[in-house]
Amino acid sequence: MGVYSLTKSSIKNWVKYPNMMAGSAYIDPASDWLITETILGSSAASVTFDVSALAAQGYKHLQIRMAAKTLGTDPYAQVAIRFNGDSGTNYSNHSLYGNETSVVSSNGISGTSLYFDGVAGGATSGAYGAAVVDILDFASTAKNKTARALMGRINQNRIFLNSGAWLSTSAITSIGITDGYSLSFAAGSRFSLYASKG
Amino acid sequence: MAAKELITTVTVGAGGAASIDFTSIPQTYTDLVLVLSGRTSRPSTAFGDTVNIAFNGSTASFSNRLLEGNGSSAYSEIGTRAIGYLPAGVATANTFGSISLTIPNYAGSANKSYSVDSVHENNASSGISDIIAGLWSSSAAITSISLTSNTGYNFVQHSTASLYGFNKGSDGVTTVA
Amino acid sequence: MPSPKYTALANITLGSTTSTVTFGSIPSTYRDLYIVIDALGSGGADDVVMQINGDTTYSNYIRTLITGNGTSPDWASYSGANANTVKLTYYGSVISAERANIQVHVLDYSATNKHKTYLARANRAGSGVDANVSRWVNTSAITSVLLKPAGSSFATGSTFTLYGVK
């Protein structure tokens, strides 16, 4: 009879329970979770995410994924993102992108939203933009909130690395997304909110 | 086993930290993703600070190419260990940069090619945005990661870095050949 | 009720030089696809091609990118009967001498009311870095994705991993 050492790293597909009590719920080791999503059945002027409960649930970072387009005849659009309903001049923006001629770097100071270009306009049926937006430490009360986004559209073909800061050390409790040109988002536009443990 | 798991998070405490370190990284994942929300204590003569990476205590055999914008113009550079640029000094107070680093096959025996998206942020025209292609020319498995300021200053309090591991797998339905 | 974001769908590590890698029978039950490629080519620098559902018609794809080669930034856009429409890389190409990596986000891949827009980041430190957006001009759900170097093959040890994103 041999004596063997059994370590966690040698066990495949292990699961974790918080205790040995009957009925104890399995702890899923996944770090990233889909919290909610909105897929527009008809056009809408805005989408809002309530994230007020997420920090208490152990989430540290947020990600928003969008496959969206707006109404109107232009091929281009941008989202305007606001936190906690703040419409003051409390946002900065920067962008690295191609403008169909060259690579460009731009900035925006003391804006009233995060203005992230890269959403599709309504010019082409079926053409939606793609966006992956990351917000780290969304609930920190020691930091302003920085967002980083890889976004692009094929229609006025552009790819963007966007960034912006909400100049507030308040924890983010809500995220409001509208079109930066005050149009509505088209039916079929999809907005998904994910949260990561950290 | 989940497709993506949190390995650990480092939070810089009062007084700051000269480095952010991940040690004894488990070798059981497929890929690593590191996200950093950071700022350094580089003084007011500058508006930011480059972050450098080291693997397994080694600063050798790194190379990169980056595309960068500074809020006004775009340019491309060749470098070594930079993984982005964080706010510091005169950059808007309380503003931290955001970096995401992906290292496929970190535990394998091939050279380590990695990808970085980095943004700085500042309520001013100057703001640094980077996409970076990096390479560590080493066949060693990555067992530790160290982040430091290029200018030797500290990461300030409240800087955080989270390290995640992706697990490859199969759903039994999707095919690959 | 939250759902885990990622599910590992399939993966392959090449045991020999291989001209194409195809993910097939992709279920429609996720929202996005996330592909991670870590690869060597079999020869000189070569772009990585991505074709969807066996569609080899160049004009069914449109693409734009920004890139940097360490010396200068550049921009490009492709449409029509141009072989570059189906590529994911520019300077972040594959080559036998150096490892490259690519991450691809395909959003709403199973939606039947949208063309398929996807973002790619391609990286090769000895050559350059790319950010790319493409659109497959088709509302069909994506059920297969083929990856290949445009004119050569992937080398032994190259890895390809596919995740579903809820």
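Everything discussed here concerns the structure shown above.
The structure contained in this document is the topic of the report that follows. Owing to the predicted nature of the structure, the values given are computational and were not obtained by experimental measurement.

**A look at the sheet that holds strand 2 (residues 46-50) of chain A**
All names here are of chain A. Spatial strand order, 2-11-4-7: four strands in an open sheet with antiparallel pairing. The open sheet is flanked by strand 2 and strand 7 (114-120), the only strands paired with a single partner. Strand-to-strand twist across the sheet, computed as the mean angle between neighbouring axes with direction ignored, equals 25°. In terms of strand pairing, strand 4 (residues 76-83) meets strand 7 through six bridges, oriented antiparallel. By the bridge assignment for strand 7, A80 is matched with Y115.

**Let's talk about the interface of chain B and chain C**
Each partner contributes to the interface: chain B provides 39 residues, whereas chain C provides 46 residues. At the boundary of chain B with chain C, total buried surface from both sides reaches about 3,200 Å², with 57% on carbon and sulfur atoms. The largest per-residue losses of area from chain B upon contact with chain C belong to B:R65, B:T174 and B:V176, which jointly make up 18% of the total buried on that side. Seen at the junction of chain B and chain C, the total is one salt bridge. Here C:R121 makes a salt bridge to B:D117, at a shortest N to O gap of 2.7 Å. The interface formed by chain B and chain C includes 21 residue pairs in polar contact (both at pLDDT 80 or more).

**Quick notes on the layout of surface pockets**
In this structure, the second largest pocket occupies an estimated 210 Å³ of space. Around the second largest pocket, the lining residues are A:I27, A:D28, A:P29, A:A30, A:S31, A:W33, A:Y59, A:K197, B:L6, C:M1 and C:P2. Of the residues that constitute the lining of the second largest pocket, the class distribution is eight nonpolar, one polar and two charged.

**Some points on the interface of chain A and chain B**
How big an interface is tends to be stated in terms of the accessible area lost upon association of its parts. Facing 40 residues of chain A, the contacting portion of chain B comprises 44 residues. Each partner contributes to the roughly 3,000 Å² buried at the junction of chain A and chain B, and carbon and sulfur atoms together form 57% of this total. One can count one salt bridge joining chain A with chain B. Here B:K4 ties to A:D32 by a salt bridge, and the two come within 2.9 Å at their closest N and O atoms. Taken together, the links from chain A to chain B amount to 23 residue pairs in polar contact (both at pLDDT 80 or more). Going through the elements one at a time, strand 3 (59-67), strand 5 (91-98), strand 6 (103-111), strand 9 (145-153), strand 10 (158-166) and strand 12 (190-197) of chain A are the ones with two or more residues in the side of chain A that touches chain B. Here the side of chain A that touches chain B gets seven residues from one element, more than from any other, and that element is strand 6 of chain A. By residue class, the composition of the side of chain A that touches chain B is 14 nonpolar, 19 polar and seven charged.

**With respect to the sheet that holds strand 8 (residues 97-104) of chain B**
Backbone-to-backbone hydrogen bonds pair the strands of a sheet. The strands run either parallel or antiparallel. Residues and elements named next belong to chain B. As summarised here, the arrangement of the eight strands in space is 1-12-3-8-9-10-5-6, forming an open sheet in which the pairing is antiparallel. This sheet does not close on itself; its edge strands, each paired only once, are strand 1 (4-11) and strand 6 (74-79). The average undirected angle you get between the axes of adjacent strands in this sheet is 15°. Relative to strand 6, strand 5 (residues 62-69) runs antiparallel, the two being bridged by six bridges. Bridge assignment links R65 to a residue of strand 6, and that residue is I78.

**Description of the pattern of salt bridges**
Close approach of charged atoms lets side chains of opposite charge pair. Residues and elements named next belong to chain C. Using the criterion set out here, one finds 15 salt bridges over all chains in the structure. Notably, a salt bridge pairs R99 with D38, separated by 3.1 Å at the nearest N-O pair. With R99 in the loop between strand 7 (73-78) and strand 8 (100-107) and D38 in strand 4 (residues 32-39), this pair connects stretches of sequence that are 61 residues apart. Each of the two residues, R99 as well as D38, counts as buried.

Thresholds, definitions, all that
- Along each chain, residues carry numbers from 1 onward, in the same order as the chain's sequence is written.
- All chains are assigned letters beginning with A, and all ligands numbers beginning with 1, in the order in which they are written.
- Restriction of local features to residues with pLDDT of at least 70 applies here, the model being predicted, together with a cutoff of 80 or more for giving and counting side-chain atom pairs; totals for whole chains, interfaces and linings are based on all residues.
- By convention in this description, side-chain values take in all heavy atoms of the structure and omit both hydrogens and water.
- Should DSSP find at least two bridges between two strands, the strands are taken to pair.
- Working definition: helices are DSSP H or I runs of at least four residues, strands are E runs of at least two. Numbering for both runs from the N terminus.
- Angular values range over 0 to 180 degrees, each being the angle between N-to-C directions of two axes fitted as lines to C-alpha atoms, with helices fitted over their stretch in contact.
- Whether two residues are in contact is decided by their heavy atoms, any of which lying within 4.5 Å being enough.
- Summed over both partners, buried area is the accessible surface (1.4 Å probe) that two parts give up on being assembled.
- What counts as a salt bridge is simple: a side-chain nitrogen of Lys or Arg found within 4 Å of a carboxyl oxygen of Asp or Glu.
- Any pair of N or O atoms that falls within 3.5 Å is considered a polar contact. Within protein, one atom must be able to donate a hydrogen and the other to accept it, and sequence-neighbouring residues count only if both atoms are side-chain atoms.
- Throughout, the protein atoms alone are placed on a 1 Å grid, and a set of points is a cavity if a 1.4 Å probe fits but cannot get out or a pocket if it is open with protein on both sides within 12 Å along at least five of seven lines; lining residues have an atom within 4 Å of a point.
- Grid points are joined across faces, edges and corners, and a volume is the space filled by probe spheres set on the points.
- Throughout, the ten residues Ala, Val, Leu, Ile, Met, Phe, Trp, Tyr, Cys and Pro are labelled nonpolar, Asp, Glu, Lys and Arg are labelled charged, and all others, Gly among them, are labelled polar.
- In this scheme, a residue with accessible area under 20% of its type's maximum is buried, one over 50% is exposed, and one in between is partly exposed, where area comes from a 1.4 Å probe on protein chains only.

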